[in-house]
Amino acid sequence: MVEEPDKSTRQIRRRRFDPDRRARIAEAALEVIGERGIEGLTHRAVAQAAQVPVAGTTYHYRDKEELLAAALELAVQRYEAVMSEIPRIRARDRIQDIVDLTADALTACFTTERAVTTVQLELYVAAIRRPALRPIADRFTAATRAMFGHYTDAETAELLTDAAQGITLRGIATDSPPSRDRIRSSLLRCVRA
């Protein structure tokens, strides 16, 4: 008599042929970074989060660097989608309206969106020591610049982007992030410059 495999074995076996496995592993890598930071990213942790064998993660992503790249790619794709949607939804807004929207979004980075922002920044900063990640990380900047570029000239869009990124990094790395009014004031100075 052949013994029937338990449910967890059947799930892993069934997923072995899952065409979405690669994407699920990238999602799990992002989740692991959110829980443990980049230092906690391992194939074993990702395999557990994705509910696949470790061999499944190493088949799709050879090493930690590839897992990092996959997680960063996923994070930047999500960010690009948000940034590209703003001009579609708010096409008639003035730059001052977009500054208000940005001030609200940055304030959320320090409160309700802190976990997502932390992961994005960890991955972004990882590009400092990992040149292979830089082209992906640069897309965060390009997406923000393109969004602001719908409402202002290229030079102002670049200044607003740099200011917003600096405010985000400073705000997430302190116990006293800037207030919405302070953020708004800083961004409006960029517009007036």
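These lines cover the structure that appears in this document, whether it is placed above or below. Here, residues in each chain are numbered from 1, in the same order as that chain's written sequence. In keeping with the predicted nature of the model, local features appear solely for residues at pLDDT of at least 70, side-chain atom pairs appear and are counted solely at 80 or more, and the whole-chain, interface and lining totals rest on all residues. Each side-chain value is worked out from all heavy atoms of the structure, with water and hydrogens disregarded.

Topic: the nonpolar core
For clarity, the cut-off: Within this scheme, the nonpolar core is defined by two criteria: the residues are buried Ala, Val, Leu, Ile, Met, Phe, Trp, Tyr or Cys, and they are joined through side-chain atoms within 4.5 Å. The classification of residues rests on relative accessible area computed with a 1.4 Å probe and restricted to protein chains. Under 20% of the type maximum is buried, over 50% is exposed, and intermediate values are partly exposed. Counting from the N terminus, the helices are DSSP H or I runs at least four residues long and the strands are E runs at least two residues long. Only heavy atoms matter for contacts: two residues are in contact if any of them lie within 4.5 Å across the pair.
Residues Ile33, Leu41, Val46 and Leu123 are the most contacted members of the largest nonpolar core, which totals 56 residues. Those elements that place two or more of their residues in this core are helix 2 (21–36), helix 3 (43–50), helix 5 (64–89), helix 6 (95–109), helix 7 (114–126), helix 8 (134–149), helix 9 (154–172) and helix 10 (180–192). Ranked by residues supplied to this core, first place goes to helix 5 with eleven residues. Contact partners of Val46, with chain neighbours within four places excluded, come to Ile25, Ala28, Ala29, Val32, Leu41, Thr57 and Leu67.

Remarks on the pattern of salt bridges
Defined as follows: When a carboxyl oxygen of Asp or Glu is within 4 Å of a side-chain nitrogen of Lys or Arg, the pair counts as a salt bridge.
One pass over the full model with this rule turns up 14 salt bridges. Note that Glu27 is salt-bridged to Arg78, the shortest N-O span being 2.3 Å. With Glu27 in helix 2 and Arg78 in helix 5, this pair connects stretches of sequence that are 51 residues apart. Look at Glu27 and you get partly exposed, because its relative accessible area is 32%. Residue class for Arg78 comes out partly exposed when judged on its relative accessible area of 40%. For Arg130, the salt bridge goes to Glu65, with nearest N and O atoms at 2.8 Å. Here Arg130 is found in the loop between helix 7 and helix 8, whereas its partner Glu65 is found in helix 5, with 65 residues between them in sequence.

Section: helix 3
Taken residue by residue, helix 3 has His43, Ala45, Val46, Ala47 and Ala50 as its buried positions. Positive backbone phi, approximately 60°, marks Gln51, located one or two places after helix 3.

Regarding a nonpolar patch on the surface
Short version of the rule: Two distance rules govern patches: like charges are joined within 9 Å, and nonpolar side chains (Val, Leu, Ile, Met, Phe, Trp, Tyr) within 5 Å, applied only to residues with over 30% relative accessible area and no salt bridge. Only the protein chains shown count as cover for residues, with accessible areas throughout obtained via the Shrake-Rupley method and a probe of 1.4 Å.
A contiguous nonpolar patch, built from Val125, Ile128 and Leu169 and spanning about 260 Å² of accessible area, is present on the exposed surface. Positionally, Leu169 belongs in helix 9.

Here we look at the packing of helix 2 against helix 7
Helix-helix packing is described using two parameters, namely the angle between the two axes and the distance between the axes. This is how it is decided: Fitted lines through C-alpha atoms serve as axes, helices being fitted only where they are in contact, and the angles separating the N-to-C directions of these axes extend from 0 to 180 degrees. Note on terminology: angles under 35 degrees are roughly parallel, angles over 145 are roughly antiparallel, angles of 65 to 115 are roughly perpendicular, and the others are oblique. Think of it as three bins: nonpolar holds Ala, Val, Leu, Ile, Met, Phe, Trp, Tyr, Cys and Pro, charged holds Asp, Glu, Lys and Arg, and polar takes everything else, Gly as well.
Here helix 2 crosses helix 7 at 100°, and the two axes come no closer than 9 Å. Our classification of the angle between helix 2 and helix 7 gives roughly perpendicular. Contacts from Leu30, Ile33 and Gly34 in helix 2 reach Val119, Glu122 and Leu123 in helix 7. Its residues assigned to classes, the contact of helix 2 with helix 7 shows four nonpolar, one polar and one charged.

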